[in-house]
Structure formats: structure tokens, C-alpha cells
Amino acid sequence: MSSNIKVQRICQQCHNEFTALTTTTRYCSKRCNGAAHKAKLKALKIGASNEETQRIKTKPAIDLKSKEFLTVRNVATLLNSSIRTAYRLIETGKIQAVNISERKTLVKRSEIDKLFEQPKQIEKIQKPKPETVEYQISECYTILDIQKKYSVSESTIYAAIKRFNIPRLRKGKSNYIPKAEIDKVLS
């Protein structure tokens, strides 16, 4: 049984408008139908290939999660890091390891899990902050004044300020250093 239906559609492959004789027609020609079929098969093959690649990449990690004792290379694979980083974690004591022989180091799987456990909140002991003393500009030297008075270079002054934690007052572009503090250091 045939029908006399003529429907304007847009081809799903080439996106051109065409007249379809049925309501289920998706493509304007056999050529577009074939091209769409090939694209669908190609997408399926690419998806299967990507899935296989992902499975191969994650397989070592899945196998390692079931082992109780790991080598340093296995630890590096599991942590997705370099072997040197795994050794560094062992050297710093973040991971406990045992040297079975000169060339064999093993790590218990539970040690890796401990790395990712959240540490309990330890109450931080707050150190009392030193009192900040307010200095007036009249009680301070400029860098140029210090250079003239003590015959030292600007870099020596800044090094002394940094080393002895001498406070600086900044007004605009000028730095003012308290006379009492700098006199103790440079005299």
C-alpha cells in the first residue's frame, strides 16, 4: 500500500532540505545514508578502542589495589607519580617501608591508605604576637640618613633590616626606620 505523502525534511547527514515520501525518512539520498552508516560504525570502533585503552591503563592500578605488599615501583604507579617521588615519601617518613634485601623495598598497602586519611584537627597553640610599637616619623631615619651617618651601602641597610626584623614605616615613596632600632644594630 503506498501513500501520496510528501513531507519537507532536512537530511541528517548533509543538512540540505529534501522532499520525503514517508515520515520516517532521515536522509536525502542513498549516498547520505551510506555516509551516515559509515560515520556510525567509525564512532563505535573509536569508542571501543578508547574503552579498551582506558581498561588497559587502569588495569595495573586495579591489580595493585588487591595486593597487600607493594614494591616502590608499584607505589609510584598507584600514586601516579615517579619512582623518585615514592622514594622521597619513604625517606621523609610519610610512608613506612621495609628493606627486605639490598635491592628490595616493600611497602604495606595500608601505609598508602594512611596517606589519604584526613588528620584529626589538632588545636593550634597560638603564640602571643609581639606588641607593635608605633613610631613617629620624627623618631626615625630615612635610608639616606643612615647611609650618611654610618657610611654603609643601601644593600647593607636593607640586609640589617631584614636580618634583625626592624620595622619600617612607609610614607609615600620613603622608608623610615626607627632610630633606636637601627642604632642598636649598626653602632
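As a reminder, the structure under discussion sits directly above these lines.
From a predicted model like this one, the values you see are computed outputs, not experimental measurements.

Trainee: I'd like to hear about the overall build of the protein, residue by residue, with values.
Mentor: Along the protein, the regular secondary structure elements total seven helices and eight strands. Classification of the 187 residues of the protein by burial places 20% in the buried group. Long-range contacts, defined here as pairs at least 24 residues apart, represent 34% of the contacts in the protein between residues at least 6 apart. Surface summary for the protein: the accessible area is close to 15600 Å², and the carbon and sulfur share equals 52%.

Trainee: Help me get a handle on the pairing of strand E2 (residues 17–20), residues and values and all.
Mentor: Every second residue of E2 is oriented toward a common face, the buried set being Phe18 and Ala20 and the non-buried set Glu17 and Thr19. By the bridge criterion, four bridges tie strand E1 (residues 7–10) to E2 in an arrangement that is antiparallel. The residue bridging Ile10 from the neighbouring strand is Glu17, located in E2. In this structure, the hairpin formed by E1 and E2 is closed by a connection of six residues, where His15 is found at a positive phi of approximately 65°.

Trainee: Account for the pattern of salt bridges, with residues named and values stated.
Mentor: Enumeration according to the criterion identifies four salt bridges in this entry. Of the charged contacts, one joins Arg109 and Asp113 as a salt bridge, the two residues approaching to 2.8 Å between their closest N and O atoms. Residue Arg109 and its partner Asp113 are both found in helix H4 (residues 109–115); the two are separated by four residues, about one turn of the helix. Judged by its relative accessible area of 14%, Arg109 is buried.

Trainee: Go over the environment of Pro167, please, and point to the residues and values.
Mentor: Residue position: Pro167 is located in the loop between helix H6 (154–163) and strand E7 (169–171). Remark: the alpha-carbon pair of Pro167 and Pro178, spanning eleven residues in sequence, is separated by 7.4 Å.

Trainee: Can you lay out the sheet that holds strand E3 (residues 69–71) for me, pointing to particular residues and giving the numbers?
Mentor: With antiparallel pairing, the three strands of this open sheet are ordered in space as E3-E5-E4. Every other strand in the sheet has two partners, leaving E3 and strand E4 (97–101) as the edge strands with one partner each. Neighbour to neighbour, the strand axes of the sheet diverge by 40° on average, direction disregarded. Here E3 pairs with strand E5 (residues 104–108) via three bridges, running antiparallel. Bridge pairing links Phe69 to Lys108 in E5.

Trainee: Got a sec to walk through the environment of Thr77? Specific residues and values, please.
Mentor: The residue Thr77 is located in helix H2 (residues 72–79) in this model. Every residue in contact with Thr77, bar those within four places of it in the chain, is listed here: Pro60 and Leu64.

Trainee: Quick one: what's the story with the side chain of Thr105, residue by residue and with numbers?
Mentor: Tracing the backbone shows Thr105 in strand E5. A polar contact is formed between the side chain of Thr105 and the side chain of Asn99, at a distance of 2.7 Å. Sequence-distant contacts of Thr105, that is, excluding residues within four places in its chain, are made with Leu70, Thr71, Val72, Ile90, Ala97, Val98 and Asn99.

Trainee: Residues and numbers for the nonpolar core, please.
Mentor: A general tendency of soluble globular proteins is for nonpolar side chains to be buried together. Listed in full, the twelve residues of the largest apolar core are Leu64, Leu70, Val72, Val75, Ala76, Leu78, Ala86, Leu89, Ile90, Ile95, Val107 and Ile112. If you list the elements that add at least two residues to this core, you get H2 and helix H3 (83–92). No other element matches the four residues that H2 contributes to this core. Those residues in contact with Leu70 that sit more than four places away from it in its chain are Leu64, Val75, Leu78, Thr105, Leu106, Val107, Arg109 and Ile112.

The rules behind each value
Residues numbered from 1 in each chain as written. Predicted model: local features only at pLDDT ≥ 70, side-chain atom pairs only at ≥ 80, totals over all residues. Heavy atoms only, no water. Helix = DSSP H or I, 4+ residues; strand = E, 2+ residues; numbered from the N terminus. Buried < 20%, exposed > 50% of the residue type's maximum accessible area, 1.4 Å probe, protein only. Contact = heavy atoms within 4.5 Å. Areas by Shrake-Rupley, 256 points an atom, 1.4 Å probe, with all protein chains shown as cover. Pairing = 2+ DSSP bridges. Salt bridge = Lys/Arg side-chain N within 4 Å of Asp/Glu carboxyl O. Axes fitted to C-alpha atoms, helices over the stretch in contact; angles between N-to-C directions. Polar contact = N/O pair within 3.5 Å; in protein donor to acceptor, adjacent residues only side chain to side chain. Core = buried A, V, L, I, M, F, W, Y, C linked by side-chain atoms within 4.5 Å.

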